[in-house]
Amino acid sequence: MECIECGEKIIGRSDKKFCNDACRNAYNNKQNKDSTNLMRNVNNRLRKNYRILMELNTDGKAKIAKSRMDGLGFDFDYFTNLKVYKNGSEYRFIYDYGYKLLEEDFVLIVKSQS
């Protein structure tokens, strides 16, 4: 049997796939990395947006000027899901943090309870 990462002969159990931990880690890192630049860039933007929402919303709910979020580099084009409530309110969520665009260039930031 040969290591699926480096091709070296495997010594030991018959069900082993790797010759050592370094090869196992290298193989799994290759499998789990973002496969394209597009995915990597989108995930980086989502992470940055999430951090900004988390920093601005320390009390579970916050009303923030949109210009402040823009200044921190928040990208309003990237979010993970959209929720429209019965009353017509539209919230864009990045995982468990959501925001609603308000009048006069303000944004309401909330943290989901679920």
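Look up: the structure comes first, before these words.
Here we summarise the structure given alongside this text. Keep in mind it's a predicted model, so treat the numbers as computed, not measured.

What counts and what doesn't
- Residues numbered from 1 in each chain as written.
- Predicted model: local features only at pLDDT ≥ 70, side-chain atom pairs only at ≥ 80, totals over all residues.
- Heavy atoms only, no water.
- Buried < 20%, exposed > 50% of the residue type's maximum accessible area, 1.4 Å probe, protein only.
- Helix = DSSP H or I, 4+ residues; strand = E, 2+ residues; numbered from the N terminus.
- Phe/Tyr/Trp six-rings, centres within 6.5 Å; stacked < 30°, edge-to-face > 60°.
- Lys NZ or Arg CZ within 6 Å of the ring centre and 35° of its normal.
- Pairing = 2+ DSSP bridges.
- Axes fitted to C-alpha atoms, helices over the stretch in contact; angles between N-to-C directions.

**Regarding unusual backbone geometry**
If you check the backbone angles, Y95 has positive phi at about 60 degrees while not being a glycine. Residue classification places Y95 among the exposed residues on the basis of a relative accessible area of 52%. At D105, a position not held by glycine, the phi torsion is positive, near 60 degrees. Looking at where D105 falls in the secondary structure, it is placed in the loop between β4 (97–101) and β5 (106–111).

**Section: the packing of aromatic side chains**
Scanning the model with the defined rule gives eight aromatic pairs in all. Aromatic pair Y50 and Y95: ring centres 6.0 Å apart, planes at 70 degrees, arrangement edge-to-face. Of this pair, Y50 sits in helix α2 (residues 37–56) while Y95 sits in the loop between β3 (90–94) and β4, placing them 45 residues apart in sequence. The interplanar angle of 85 degrees and the centroid separation of 5.6 Å between the aromatic rings of Y85 and Y91 together place this pair among those described as edge-to-face. Relative accessible area serves as the criterion here: at 38%, Y85 is assigned to the partly exposed category. Directly above the aromatic system of F106 lies the positively charged group of K63, at a separation of 5.0 Å from the ring centroid. Geometry around F93 places K83 over its ring, the cationic atom sitting 5.0 Å from the centre.

**Notes on the sheet that holds strand β1 (residues 61–65)**
Strand order in the open sheet formed by five strands is β1-β5-β4-β3-β2, with antiparallel pairing between adjacent strands. In this open sheet, the two edge strands, each paired with only one partner strand, are β1 and β2 (81–84). This sheet shows a mean twist of 30 degrees between the axes of neighbouring strands, independent of strand direction. In terms of strand pairing, β3 meets β4 through three bridges, oriented antiparallel. The residue bridging I94 from the neighbouring strand is Y97, located in β4.

**Considering the pairing of β3**
Here β2 pairs with β3 via four bridges, running antiparallel. Residue pairing across strands places N81 opposite F93, the latter belonging to β3. The loop that links β2 with its antiparallel partner β3 comprises five residues; one of these, G88, has a positive phi angle of about 90 degrees.

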